[in-house]
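# A structural walkthrough
Listed below, chain by chain, are the residues.
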Amino acid sequence: MNEMLEEKLANLPTNPGVYMYKDQKGQVIYVGKAKRIRNRVKSYFQDTRNHSGKTIAMVRKIHDVELYVTDTEAEALILENNLIKKFRPRYNISYRDDKTLPYICVTTGEKPRVFPTRTVIKDGSRYFGPYDHVGKMRNMLEVIRKTFGLCTCAVSIRTIDRSRGLPKWHSCFEEYVGPCSGEMELDQYRDTMQKVVRLLNGKSNALIRELKEEMEMAAVSLQFEEAAKLRDGIAALEKYSEKMKVVSADVVDRDIFALEVDPDEGVACGVMFRIRDGRLLGRLHKFLYDIDSREPSEMLQAFIEDYYTGELGAIIPDEVHASHELVDDEPLAEYLWQEHGKKVPIFVPKIGEKAQMIRMAQSNARLLIGELSLQRKKAEENRIPHSVKNLQEELRLPQPPRRIECFDNSNLQGSDPVASMVCFVDGVAKKNEYKRFKIKTVVGPYDFASMKEVLIRRYGRLKREKAHMPDLIVVDGGKGQLSSSVEALKDVGIFGEVPIIGLAKRLEEVFVPYKADALMLPKTSSGLKLLQRVRDEAHRFAITFHRDLRSKRTFTSTLTEIEGIGNKSAQKLLKKFGSVKRISEASEEDLIKEAGKTTGSKVYAFFNHDPDNTHIEYEEI
């Protein structure tokens, strides 16, 4: 701890406020609020035994602390959230919506505008929503237009007044053929806007009653045209109100907050239901990241505080219901009281209708996390690693070599000739798709002919079965090996359809068909390193297969020297005992039990009573 930080910690105030931790570069790494700044800040540097690993790592990076003293905890809550959104500190909970949801914006000014948008701008405008489906937002705009005759024209970039950042008034066409509401008298316009805001706040029942009274008064006054407009508006409003999902029998305005955590995905999801007049008016959700070592109560409180101190939290309900007890709800309760003018209780219902709404919100959160997980998996499937992209550029391939198949031969002076094929997909070995080949048509150590045979067998079969071909074929070797491979692809009829290269190990030269000079990829190239991994894996796999065959053949030949023992009996004994040495040490009873009386006795006599075999040494290969 540096001297400046020690001095600040020794002189901390006891007031409520906000503290910001900074690292050595001056970057803000954490923002927090406290009822008493001194107690909270000092707790980070005292008795770290109860701290999480993440908190300990953060404390080690703290180089400076900056303080903001406030009069109340509610002010500290607002300031904390504004600073978090401004600096996005590394050790605070981070949020992200999965998409930009639609809102209805009501601007400020003498004649406020009402229009749909997907962008929230801090310009004093009020935003209602978000709507979880654009169709619901359009229905609301249609109700506003039909009920109040108000212009709700969609706004494009061409209708934005760049000097003010607001949409300009313009004439309405198509469905709305009356005069534009921008021409209304000011008093009438203000009265209409008050009703629109009440409707957007979910007060549809009270609004319908009020409009019916106005319609009756207009009819009594013989203003039949005005009464007819009100009648049509009421009909549109009632139709919309009937479609709203009723989730509660009472008419108390409440917000429902729930949280679900998925530690495997490293994400939590907070869901908020806005209920007005017993109807589900809207839903909001956010994903919370950096959740390691954080309790659900802490994350839920951060989600609720972020909502009410943001642009969308201007409409304070009568009650707040949460799925978990909050860590410290005093600052939030004080803030809600200031904004609402009366106490807003925060409940954690356990039974009954309200608990059922909590469970419904949690089900939505689980569903959203599941959708996020699927999106991540899909994105991962479509993600092309840098090494694959680099290899495409270095070799000038028509498409990324996402699937690479590499071949190598192995033999010992022509004995037990074999070949291997390994498969890499997106730079990762797919061992369940490896292939091993015993050379059938070539006698002796002829690698070129062996490679040709293997490629004809492999790709001839793929062509007959109409299976998926690789994006790149790699053979271990130089020009000669590549030439034999090209002939094989020509015989199969796929040469030119699949790129093929040879990789010579001595200088890591890359050979391509019909080019005399080799390509020398940069030693630091991630594409070359990928080729080296593929080639080395093919070599390892071929050598392992060759050794296995040679070992079996050696062991079996020793046993088949015994009169009356064939390959089948020898293999059976080897499978049971594991090696020739263990067979030679086995008792006659064990051998008879496994191979039968005649065969078991012959094997036992061969290793224990035949004087000609006393000098034999059994080497494990």
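The rules we used
Residues numbered from 1 in each chain as written. Predicted model: local features only at pLDDT ≥ 70, side-chain atom pairs only at ≥ 80, totals over all residues. Heavy atoms only, no water. Helix = DSSP H or I, 4+ residues; strand = E, 2+ residues; numbered from the N terminus. Contact = heavy atoms within 4.5 Å. Salt bridge = Lys/Arg side-chain N within 4 Å of Asp/Glu carboxyl O. Buried < 20%, exposed > 50% of the residue type's maximum accessible area, 1.4 Å probe, protein only. Core = buried A, V, L, I, M, F, W, Y, C linked by side-chain atoms within 4.5 Å.

## Brief notes about the side chain of arginine 274
Mapped onto the fold, arginine 274 is located in strand E11 (residues 267-276). Apart from the residues within four sequence positions on either side, arginine 274 is in contact with Gly129, Arg254, Asp255, Arg279, Leu280, Leu281, Gly282 and Tyr307.

## Here's the deal with the pattern of salt bridges
One pass over the structure, following the stated rule, counts 24 salt bridges. Among the salt bridges present, the one from lysine 8 reaches aspartate 64, with a minimum N-O distance of 2.8 Å. A residue pair is termed long-range when its members are at least 10 positions apart, and lysine 8 in helix H1 (residues 3-10) and aspartate 64 in strand E3 (residues 64-69) qualify at 56 residues. In this structure aspartate 64 comes out as buried when scored by relative accessible area, which is 15%.

## Quick word on unusual backbone geometry
The backbone of arginine 88 sits at a positive phi, close to 45°, despite the residue not being glycine. Along the chain, arginine 88 turns up in the loop between helix H4 (73-87) and strand E4 (94-96). With relative accessibility at 65%, the residue arginine 88 sits in the exposed group. Backbone geometry places aspartate 426, a non-glycine residue, at a positive phi of 55°.

## Side note on the environment of aspartate 264
Here aspartate 264 shows up in the loop between strand E10 (254-262) and E11. Looking at aspartate 264, the relative accessible area reads 75%, which means it is exposed. A sequence separation of 109 residues divides aspartate 264 from serine 373, and the C-alpha atoms of the two residues are 9.9 Å apart.

## A short note on the nonpolar core
Core analysis: the largest hydrophobic core is formed by 26 residues, its most contacted members being Ile104, Val114, Ile144, Leu150, Leu199 and Leu200. When contributions to this core are tallied by element, the ones reaching two or more residues are strand E5 (103-106), helix H5 (134-148), helix H6 (186-200), helix H7 (204-220) and helix H8 (224-243). For leucine 199, the contacting residues outside a window of four places in its chain are Met140, Val143, Ile144, Phe148, Ser204, Leu207 and Leu237.

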